[in-house]
Amino acid sequence: MFLRHKHFSLEYQLILICVSVFCLFLSCEFDQGLGPSKTKIAGKVIFLDTASRPDNVDEVRVIAVSALPPSGFGDVYFSNAVRFDVDTAAYELSAPFGSYPAVGVVWKARGKNWSLTNLMGIYGFKPPFEFALQSVQVTKERPVADNVDVFALWTFTQFDATIEGKITFAGNWPEDTETILLGAFVEVPDLKNMATSLGLLGGLPLPITSAGKERDYEIAVRNGAYKFIGVFWKGKKIDWKDIRCIGFYPDPANSSRPGAVQIAPAGTVSGINLVVDFSTLPEGVKLGGTHGFSGLSRMSFWRLRP
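Residues numbered from 1 in each chain as written. Predicted model: local features only at pLDDT ≥ 70, side-chain atom pairs only at ≥ 80, totals over all residues. Heavy atoms only, no water.

*Asks:* What is the right way to read the pattern of salt bridges from this model?
*Replies:* Once the charged atoms of two side chains with opposite charge are near each other, the side chains can pair. Tallied over the entire structure, the rule returns six salt bridges. Between Arg61 and Glu59 there is a salt bridge, with the nearest N and O atoms lying 2.9 Å from each other. For the pair Arg61 and Glu59, a shared accessibility class is recorded, and that class is buried. The salt bridge involving Lys166 is made with Glu214; its shortest N-O contact spans 3.6 Å. (Salt bridge = Lys/Arg side-chain N within 4 Å of Asp/Glu carboxyl O. Buried < 20%, exposed > 50% of the residue type's maximum accessible area, 1.4 Å probe, protein only.)

Structure below.
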């Protein structure tokens, strides 16, 4: 069912991502690409869901990061502009010798600056349901890292609204923490079967390994109603299908139940604050009463702000 058009956004509307989107809140302007180089990353960008491509696309580029998460644009290398009026386009990205833990595709709207939040895809994702974040090495033995093909989903360009707030962590961060992720869902997911509920869960597994008590967040989503906003934990030794929810935005009238959020077109909803508790591991939180999973027609998935 993953490739049928009417279910396309269900499977691919990750909470952008992040990752992907290697740094949430940066934007910049820069020249039209690096000059010729003997060391580079090369491959193809494979565009999916062309019907969702917006009319205001200015440019598409491939990026590679030398650190994850990047400390700024100094850790990010950009390709020249990539053709986006075709299903598949070749690219080259000049990069010095080194290891690049993530390679992705970003887009820019006309009249806007570049922003790493505008991620369309990340190297390691293959539809319909295969994801493993893959690094790329540029070495003296392999100065051109070729065949680094990236799927880019036009679906990811449709997010026009924002949910923002603060997450407070209770308890001690487990030593084996690999990733903390934040998800927004149009229906309440089945917390006992997140692989099914999240669809492509691993879309943006950008790790946040530094412990802290509070973190601000922003989630880019489509406008509309969201019935579950939750924080998920992945340990280094567990599979993605076994990630655990460690907290969610509560219903003001009943804190054991998730609260709903309604977002207007191009709107922002603030103050959606969550408290999460690591002591709920290894099982994770449980919702009060019974709940069902009726399928996601729209989902957004994002990492926390580092």
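Text resumes after the structure shown.
*Asks:* Would you mind showing me how to read the packing of aromatic side chains here?
*Replies:* Throughout the structure, instances matching the rule amount to eleven aromatic pairs. Each ring, one from Phe47 and one from Trp154, has its centre 5.2 Å from the other, and the planes form 15°; the classification is stacked. With Phe47 in strand β2 (residues 40-48) and Trp154 in the loop between β14 (150-153) and β15 (161-170), this residue pair connects regions lying 107 residues apart in the sequence. Each member of the aromatic cluster is reached from another via a ring pair, and the members are Phe185, Phe228, Phe232 and Phe248. In this structure, Arg53 is placed above the aromatic ring of Trp154, and the distance from its NZ or CZ to the ring centre is 5.9 Å. (Phe/Tyr/Trp six-rings, centres within 6.5 Å; stacked < 30°, edge-to-face > 60°. Helix = DSSP H or I, 4+ residues; strand = E, 2+ residues; numbered from the N terminus. Lys NZ or Arg CZ within 6 Å of the ring centre and 35° of its normal.)

*Asks:* Mind showing me how you'd approach the nonpolar core here?
*Replies:* Across soluble globular proteins, you tend to see nonpolar side chains buried next to one another. One finds Ile163, Val221 and Ile229 to be the most contacted residues of the largest nonpolar core, which totals 33 residues. Looking at this core, the elements that each hand over two or more residues are β2, β14, β15, β16 (177-185), β17 (214-221), β19 (228-235), β23 (261-263) and β25 (274-277). For this core, the element with the most residues is β15, which contributes four residues. Phe47, Ala89, Trp107 and Val136 belong to the second largest nonpolar core, which has 26 residues in total. (Core = buried A, V, L, I, M, F, W, Y, C linked by side-chain atoms within 4.5 Å.)

Worth remembering: the numbers are spatial, not functional.
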